[in-house]
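Residue-level listing of the chains:
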Amino acid sequence: METETNAHAKEMSGSSMLIKALACEDVDVIFGYPGGAILPTYDEIYKTGIRHILARHEQGAIHAAEGYARVSGKPGVCIVTSGPGATNVVTGIADAMIDSLPLVVITGQVATTVIGTDAFQEADMIGITMPITKHNYQVRSVDELPRIIKEAFHIATTGRPGPVLIDLPKDVSLATGLFDYDKEVDLPGYQPTVIPNKLQIRKVVDSVTTAKKPVILAGAGVLHAKASEELARYVEQQQIPVVNTLLGLGSFPGEDELHLGMAGMHGTYTANMALHEADLLISIGARFDDRLTGNLAHFAPNAKVAHIDIDPAEIGKNVPTEIPVVGDAKEALKMLIEEQGERGDHQEWKTWLSGLKEEYPLWYVQDGETIKPQHLIEKIYEVTKGEAVVTTDVGQHQMWSAQFYKFNHPNQWVTSGGLGTMGFGFPAAIGAQFAKPDKPVVAIIGDAGFQMTAQELSILQELNLPIKIMIVNNAALGMVRQWQQLFHGERYSNSLFPIQPNFVKLAEAYDIKGMQVNELHELESALKEMFDYPGPVLMDCRVAKQENVYPMISPGKGQHQMEGVKP
Ligand SMILES: Cc1ncc(C[n+]2csc(CCOP(=O)(O)OP(=O)(O)O)c2C)c(N)n1
Ligand SMILES: [Mg+2]
C-alpha cells in the first residue's frame, strides 16, 4: 500500500499509468505484439499514439528491443500478451540477461481472480523468468503500478544492466488508481557500488608500474558504462596493450596500434598469447566466459589479475583475482587516470606483441571465383568505410564478422554473445536502426539463422527501413558442420541444406529488393549497388561451403594452443 500521495497525482487506469510512465521514462519506441490479456494497454497505445512497432513474432520484438538497447545505451521496451506471447519472449530475456542488456518487458497476465487456475492463456511468467531476469514483478494492485514501473527502469539500467519483467494482470490494467510518478525509488536492498575503493585502485596503479607485461581485457562493461573515452585516455597514459572480448569489440578502436584484437576461441593469436604471457591482467567489465578463457587450468598462468566489475558476483567466479575492484568502469578508469602512477617499462613487451601481430595476422586464402566469407566481410567493411552498425546472428559468419570488420566506435557491434541465439541478428538490426536512424545498419546473417526470424521482413516492408541484410550463404549450419568435421568424424548429421528457399523471391514477396551474388567478380559492384540503394536490400551471397573459422582453440585446450594460425 502506498501511503503518502502527491497533490498532483491523477486518477487513471492501470494501462494509462503504464503508457504515461513510459513517456516519463523518455521511451520513444516500443516493440511488441497484442493479445487478449494486454488489450487494455494496446487500447491506450492507440489513444496516445506512442510509437509502437508491430513485430510478426514476439521473438522478433524482443530481439529488436535488445538491438535498440545495445546501440542507444537506453533501455529497450517490449510489450506482449500473456501465455504464448509471453513464452515467446523467454529466449530474448535469457539473451539479454547473459549479455547484460537493459530491457523492460511487460507481459499481459490473466486476471488476478483466476491466476493459478490454468485460465486461458495463463503461463507462470514469474516462475519461468525468475532465473533469467535481473528482477521480475507481478502487479497485484493498480496502486503499486507506478512504483513498480519506476523501479523496473531503475533496476534495468543501473549497476549491471539487465532485463526486468513486469507481469500485468488484465484486471489491474483496467482498474483505476492514483498515478504518482514523482516519488524517488527507494530500494535499500539494491545499492550497486559505483565508486571503487581508492585503495584497490592504488593497488592496480602500483601493479602497472612494476609490471613488465601488462594487458587490459576490455569487455562489454566498458560499453555499458559509456567509458570508451576514459579507456582510450588511460591506455594513452599508461601504454598498455588492449584485447577485447567478443562483446567488448568497439570499446577500444580496432585500428589502434595497441589493440591486439579479440581474444578467445576464434580470437587473434596475438590477443590470446598476450593473455597467456601477461604478468598483469586488468579485466574491465568482462566475465571470463569459457569461450574466452579456453581451459581455465591454462588461463593467464603468469598473470596477477585485477578485475574491475560493477557486479561483485563476477569477481573470482572463474578466475582467481588478486585485486578485486567493484565499481563502474567509467569511474574506475577516471580514478586510474587521476592517480597516474609512474608508467612501467613495457617497451619490450609491446615490441614483442607487435611482432606477433605482424607475423600471425588473421588470414584466409581468396583464390578462384568462389567467394570466401572472410573476404565478403572485409568488402563490407570497405564499402561501409567502417562506419556501419553491424548486427550478426550466431555461427561462422558471426566469428568472421568479429574478426574482419574493424570496430572503431562504441555501440556499432550487436551480437548475441553469451546465449548464442540464432534468430537474433536480423530483428536486432531493426532495433539498431531505430536507435540510429541515420546510420547504415547491416545485418550479417547465416542462411540458417535468417530462417528463424525472417518474418520480420514485414517491418522493413511496412516502414521502408533501409537495413541491408547480408545472408552469408554456405548452404549449411556452418558452425555445426565445422564441429562435425573436426570432432565428429565428418558425419554431417542434419547440418547441410540440400535445398534452400529462394531468398531473393522471399525478399520480393515483401516488396524488398533482393540480390544474389555467386562469384567473386560480381561482388564489388553488387555491394556498391546494395549500399547505395536507399531502401532495404537482402543479398543472398553464395560463399565457400567448406570454409572453417580459424584460428581456433579446440575444446579443452589452453589459449596458447591455438590451431590454424597463419602458417
Ligand atoms: C536457437 C539456436 N539453435 C541452435 C543453435 C546451435 N547453432 C550454433 S551455430 C549454428 C549454425 C548456424 O548456421 P547459419 O545460421 O547458417 O550460420 P553459419 O554458421 O553457417 O555462418 C547452430 C545450429 C543456436 N546457436 N541457436
Ligand atoms: Mg550457414
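Here's a quick rundown of the structure. (Residues numbered from 1 in each chain as written. Chains lettered and ligands numbered in written order. Predicted model: local features only at pLDDT ≥ 70, side-chain atom pairs only at ≥ 80, totals over all residues. Heavy atoms only, no water.)

### Thoughts on the overall build of the chain
- A count of helices and strands for the chain gives 23 helices and 20 strands.
- For the chain, the C-alpha radius of gyration of 24 Å lies close to 24 Å, the compact-globule estimate for 567 residues.
- Dimensions of the chain, computed from the C-alpha atoms along their principal axes, are close to 70 × 60 × 40 Å.
- Taken over 567 residues, the chain has a buried fraction of 59%.
- Summed over all atoms, the accessible surface of the chain reaches about 22,500 Å², with 52% contributed by carbon and sulfur.
- On the chain, the mean spot of the 46 positive side-chain charges and the mean spot of the 69 negative ones are 2 Å from each other. (Helix = DSSP H or I, 4+ residues; strand = E, 2+ residues; numbered from the N terminus. Rg over C-alpha atoms; globule rule 2.2 N^0.38 Å. Buried < 20%, exposed > 50% of the residue type's maximum accessible area, 1.4 Å probe, protein only. Areas by Shrake-Rupley, 256 points an atom, 1.4 Å probe, with all protein chains shown as cover. Lys, Arg positive; Asp, Glu negative; His and termini not counted. Charge placed at Lys NZ, Arg CZ, Asp CG, Glu CD.)

### Regarding the site of ligand 1
- Taken together, 17 residues lie near ligand 1, and Gln-396, His-397, Gly-420, Gly-449 and Gly-478 sit nearest.
- For ligand 1, an oxygen atom lies 2.9 Å from a polar atom in the backbone of Met-479.
- Looking at the shell around ligand 1, the elements with two or more residues in it are helix H17 (396-404) and helix H21 (478-487).
- If you tally residues by element for the shell around ligand 1, the top one is H21, at three residues.
- In terms of residue class, the shell around ligand 1 is made up of eight nonpolar, eight polar and one charged. (Near = heavy atom within 4 Å. Polar contact = N/O pair within 3.5 Å; in protein donor to acceptor, adjacent residues only side chain to side chain. Nonpolar A, V, L, I, M, F, W, Y, C, P; charged D, E, K, R; others polar.)

### Looking at the sheet that holds strand S14 (residues 323-326)
- Ordered in space as S11-S10-S9-S12-S13-S14, the six strands form an open sheet in which the pairing is parallel. In this open sheet, the two edge strands, each paired with only one partner strand, are strand S11 (259-262) and S14. Ignoring which end each strand starts from, the neighbouring axes of this sheet average 15° apart.
- Where strand S9 (residues 214-218) lies against strand S10 (residues 242-244), three bridges are found, and the strand directions are parallel. The residue bridging Ala-218 from the neighbouring strand is Asn-244, located in S10.
- Here helix H12 (residues 269-277) sits on the sheet in contact with S9, S10, S11 and strand S12 (280-284), set at roughly 105° to S11. (Pairing = 2+ DSSP bridges. Axes fitted to C-alpha atoms, helices over the stretch in contact; angles between N-to-C directions. Contact = heavy atoms within 4.5 Å.)

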